[in-house]
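# A structural walkthrough
These are the residues of each chain, in order.
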Amino acid sequence: MTWAAFWALIATLNGKATQARCQRLAEELSRRSVPDIIGFAERHAEALYRLDQEKFGMLPVADMTGRNGKSFPQSADGFLYARCAVVAAGQAVWEGVFFDVDKFAPYTSTECDGEWLLYVPDQAYELATGKERDRSTRYCFESYSNRDGWPNSGS
């Protein structure tokens, strides 16, 4: 799947990865060929992987503070869901955060959760084939898996 086709599908979310919108996206994707579904999964994983960078992951949660008034760090899951929300926001937002880290910050909010986007490729595959997708993608999108994105992590 081309990046253009991937972003066209993502645009159907209208900027937010709600459960209902992601379900509609999965249904739309399931009407395409299995190679297209797998291609979407690959682009999805790569888009998330590219956002897996220290400059984004070390941002505090936008709307939380600790008891002492200090900023509250993102958890691994929270960071993954924030990256999903950035992808769901569309190509322009996704590209823009690489040039201005402050544009990523609002997506760390507890009100901005893109978790449902994670399930779209597997749901689409299962709807299309009646089987669970048992194939991993080229890129691991789990938080902190992009070693180049975390040069100060010591791993």
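As recorded in an unreviewed UniProt entry, the chain goes by DUF4240 domain-containing protein and comes from Streptomyces yaanensis.

Moving on: helix H7 (residues 120-129). For H7, every residue scored as buried is listed here: Val120, Pro121, Ala124 and Tyr125. The buried side chains of H7 occupy one side of the element, clustering within an arc of 130° when seen end-on. Tucked inside the fold, the buried residues of H7 contact helix H2 (19-30) and helix H3 (34-51). Backbone geometry just after H7 places Gly130 at a positive phi near 75°.

Let's shift gears to the nonpolar core. Counting 36 residues, the largest nonpolar core has Ile10, Val87, Phe104 and Leu117 as the members making the most contacts within it. Breaking this core down by element, the ones donating at least two residues are helix H1 (3-11), H2, H3, helix H5 (76-89), helix H6 (91-97) and H7. Counting residues per element, this core draws most heavily on H5, which supplies nine residues.

On to the pattern of salt bridges, then. Opposite charge on two side chains makes pairing possible when the charged atoms of those side chains draw close. This structure, assessed with the given rule, holds five salt bridges. Glu28 is paired through a salt bridge with Arg31; the nearest N and O atoms lie 3.2 Å apart. Residue class for Glu28 comes out partly exposed when judged on its relative accessible area of 28%. Ionic pairing is found between Arg43 and Glu46, a salt bridge with its closest N-O pair at 3.8 Å. Of this pair, Arg43 and Glu46 both sit in helix H3, separated by three residues, roughly a single helical turn. We classify Glu46 as buried; its relative accessible area is 11%. Sharing partners across several salt bridges, the network here consists of Glu28, Arg31 and Arg32.

Looking now at the packing of H2 against H3. Between two packed helices, both the angle of their axes relative to each other and the distance between the axes serve to describe the pair. Between H2 and H3, the shortest axis-to-axis distance is 9 Å and the interhelical angle comes to 135°. Judged on the interaxial angle alone, H3 and H2 are oblique. The residues of H3 that touch H2, namely those facing Leu25, Leu29 and Ser30, are Asp36, Ile37 and Phe40. Here the residues of the contact of H2 with H3 are counted per class, giving four nonpolar, one polar and one charged.

How each quantity is defined
Per chain, residues are indexed from 1 in the order of the written sequence. For this predicted model, a pLDDT threshold of at least 70 governs which residues receive local features, and a threshold of 80 or more governs which side-chain atom pairs are given and counted, while totals over whole chains, interfaces and linings are taken from all residues. Hydrogens and water molecules were not included; the side-chain quantities draw on all heavy atoms of the structure. Buried, partly exposed and exposed residues are distinguished by accessible area as a fraction of the type maximum, computed with a 1.4 Å probe on protein chains only: under 20%, between the cut-offs, and over 50%, respectively. Starting at the N terminus, helices and strands are each numbered in turn, a helix being any DSSP run of H or I of at least four residues and a strand any DSSP run of E of at least two. What the arc covers is the set of directions going from the helix axis to the C-beta atoms. Contacts are residue-level and defined by heavy atoms, with any inter-residue pair within 4.5 Å sufficient. In plain words, nonpolar cores are sets of buried Ala, Val, Leu, Ile, Met, Phe, Trp, Tyr and Cys residues tied together by side-chain atoms within 4.5 Å. When a carboxyl oxygen of Asp or Glu lies within 4 Å of a side-chain nitrogen of Lys or Arg, that pair is called a salt bridge. With axes taken as lines fitted to C-alpha atoms, and helix axes fitted only over the stretch in contact, angles between N-to-C directions fall between 0 and 180 degrees. Angular relationships are summarised with four words: roughly parallel below 35 degrees, roughly antiparallel beyond 145, roughly perpendicular across 65 to 115, and oblique for the angles in between. Here the nonpolar group is Ala, Val, Leu, Ile, Met, Phe, Trp, Tyr, Cys and Pro; Asp, Glu, Lys and Arg are the charged ones; every other residue, Gly included, is treated as polar.

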